[in-house]
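Spelled out, the chains give:
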Amino acid sequence: MANEIKLVAASIVNFLKQQLEGGTLNMDSRESVEVGVQCIETAFEISPEDAARGVDLLQLIRQQQSSAPAADRAEAERLKNEGNELMKKDKYREALDKYTRAIELDPRNSVFFCNRAAAHFKLNEHETAVADCMAALAIQPDYGKAHGRLGLALTALDRHREARAAFARASQLEPENESYKQNLRLAEERLTQRGERGAMDLTGLLQNPALLNMATEMLSDPNMQNLISGLMTNTTGTGNVGAGGAGGMNALLEAGQALAQHMQAANPDLVEQLRRQVRPPGPGGNQPPSQ
C-alpha cells in the first residue's frame, strides 16, 4: 500500500510540474504550486526514480472516456502521418501541433504520445518528452519505443539511473535493437564515471524493470514452480540447512544453478548487464563513453 500511495503522490507532483511548465499560471499561483510540490515531495520522500514511475493523471482521465469514433480515429491517424512527414523535414514545432491534434481526437493511442515525445525531444523540451513517454506507457506498458525514448529524454536531463532502467526495459522488449543496448551501456558507464554506484548497486538491481519482468516470467514457468516446490520440500525436510542439512544445501545449490541457466537462456543481455552492475570497477572502468 505504501508503494501505491507514493505512486499517487509522484503522479500528483508530475501533474503540478506540467502545469508549471505550461506557462498558464500567474505568479501567485506558480508560487503556491511550487510550495505544494515541495511539500508533497518532502512528505512522501519522492525521489527522481519515484517521479519517473508516476503516471499521467490527465491521461488517466482521458482513458475513462469512451473510445473515439471511427471517423475521429481516421482523422487522428491522418494527422499523425502528417506529423511524421514534418519530422522528416525537421519541422518539429509543426509536427508537435499535428500530434497534439491527433491526441485530442484519439487520446487512447499510445503512438501519438510517443511521437509527440520525439518532437518535444527535438525541441529540447525534455521534461515534457518524459511526460508524453509516461502517458504512452500508461496506455501500453510494453511499448518498447516509448521506453527507449523515455531513456533518451532522461539522459538529456542527466537522470542516468532512470535512463538505465528505461533502456534495460526497451532492450528486453526489443532485443534486436542495437541502439537500446548501446544506450544502456552508455548509461551504465556514465553512472560509473560519476561514482553513483559501488561494487554492488542493490537498489538499482531491485528497481530494474527488466529483472522484475524476468522474475515474474520465471515464477510463472511450470518448471520453475516444480523446482521451487522441490526446494521447499528438501529444505523443510532436513530441518536445518546449515548444520547437518546437506540435502537442503545441495538443493539450494541446484536451484541456484538452474535459475542462473534459465536467466542466461532467457535473456543473456540482461545477465551480462547484471554482471557489469555487480562487478567492481577495474582498471580502465572509468573510460569516457564512446560518442
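As the structure is a prediction and not an experimental result, all values here were calculated from the model. (Residues numbered from 1 in each chain as written. Predicted model: local features only at pLDDT ≥ 70, side-chain atom pairs only at ≥ 80, totals over all residues. Heavy atoms only, no water.)

Chemist: Whenever I open this one, the confidence of the model for the protein confuses me. Can you help?
Modeler: When pLDDT drops low, the exact placement of atoms in the prediction is not to be read closely. Per-residue pLDDT for the protein averages 77, and the proportion of residues at 70 or more is 62%. Taken as a whole, residues 198-203 scores under 50 in pLDDT and shows eleven contacts with residues more than four places along the chain or in a different chain. Across residues 280-291, confidence stays below pLDDT 50; counting only partners more than four residues off in sequence or on other chains, it has 15 contacts. (pLDDT = per-residue confidence, 0-100. Contact = heavy atoms within 4.5 Å.)

Chemist: I would appreciate a short explanation of the pattern of salt bridges in the present structure.
Modeler: When their charged atoms lie close together, side chains carrying opposite charge are able to pair. Tallying each qualifying case throughout the model produces 15 salt bridges. Among the salt bridges present, the one from Arg93 reaches Glu125, with a minimum N-O distance of 2.8 Å. Taken together, the residues Arg93 in helix 6 (residues 92-105) and Glu125 in the loop between helix 7 (110-122) and helix 8 (126-139) connect sequence positions 32 residues apart. Given a relative accessible area of 23%, Glu125 falls into the partly exposed group. Among the charged side chains, a network of salt bridges with common partners joins Glu75, Arg78, Glu82 and Lys98. (Salt bridge = Lys/Arg side-chain N within 4 Å of Asp/Glu carboxyl O. Helix = DSSP H or I, 4+ residues; strand = E, 2+ residues; numbered from the N terminus. Buried < 20%, exposed > 50% of the residue type's maximum accessible area, 1.4 Å probe, protein only.)

Chemist: Help me understand helix 11 (residues 178-193), please; the structure alone is not making it clear to me.
Modeler: An α-helix turns once per 3.6 residues; consequently, residues spaced three or four apart project the same way. For helix 11, with 16 residues, the first-to-last C-alpha span of 23 Å sits near the 22 Å given by 1.5 Å per residue. Among all positions of helix 11, only Tyr180, Lys181, Leu184, Leu186, Ala187, Glu188, Leu191 and Thr192 are buried. One or two positions beyond helix 11, positive phi appears at Gly195, with a value near 65°. (Expected span 1.5 Å × (residues − 1).)

Chemist: What's the story with the nonpolar core in this structure? I'm lost.
Modeler: In globular proteins that are soluble, nonpolar side chains generally tend to be buried together. Core analysis: the largest hydrophobic core is formed by 26 residues, its most contacted members being Val130, Ala136, Tyr143, Ala146 and Leu150. Listed by contribution, the elements that provide at least two residues to this core are helix 5 (70-88), helix 6, helix 7, helix 8, helix 9 (144-156), helix 10 (160-173) and helix 11. For this core, the element with the most residues is helix 8, which contributes seven residues. Ala9, Leu20, Val33 and Ile46 belong to the second-largest nonpolar core, a separate cluster that totals ten residues. (Core = buried A, V, L, I, M, F, W, Y, C linked by side-chain atoms within 4.5 Å.)

Chemist: Just checking my understanding: could you explain the packing of helix 10 against helix 11 for this structure?
Modeler: Helix-helix packing is characterised by the crossing angle of the two axes and by the distance between the axes. It is at 9 Å that the axes of helix 10 and helix 11 come closest, and there the two elements cross at 155°. By the criterion of interaxial angle, the relationship of helix 10 to helix 11 is roughly antiparallel. Considering only the axes of helix 10 and helix 11, their crossing is left-handed. Contacts between helix 10 and helix 11 involve His160, Arg161, Arg164, Phe167, Ala168, Ala170 and Ser171 from the first element and Tyr180, Lys181, Asn183, Leu184, Ala187, Glu188, Arg190 and Leu191 from the second. Residue composition of the contact of helix 10 with helix 11, by class: seven nonpolar, three polar and five charged. (Axes fitted to C-alpha atoms, helices over the stretch in contact; angles between N-to-C directions. Parallel < 35°, antiparallel > 145°, perpendicular 65-115°, else oblique. Left-handed = near helix turned anticlockwise from the far one by under 90°. Nonpolar A, V, L, I, M, F, W, Y, C, P; charged D, E, K, R; others polar.)

Chemist: What is the right way to read the packing of helix 9 against helix 11 from this model?
Modeler: It is at 11 Å that the axes of helix 9 and helix 11 come closest, and there the two elements cross at 30°. Remark: the crossing between helix 9 and helix 11 carries left-handed chirality. Residues Gly144, Lys145, Gly148, Leu152 and Thr155 of helix 9 lie in contact with helix 11, whose contacting residues are Tyr180, Asn183 and Arg190. When grouped by side-chain class, the residues that make up the contact of helix 9 with helix 11 number two nonpolar, four polar and two charged.

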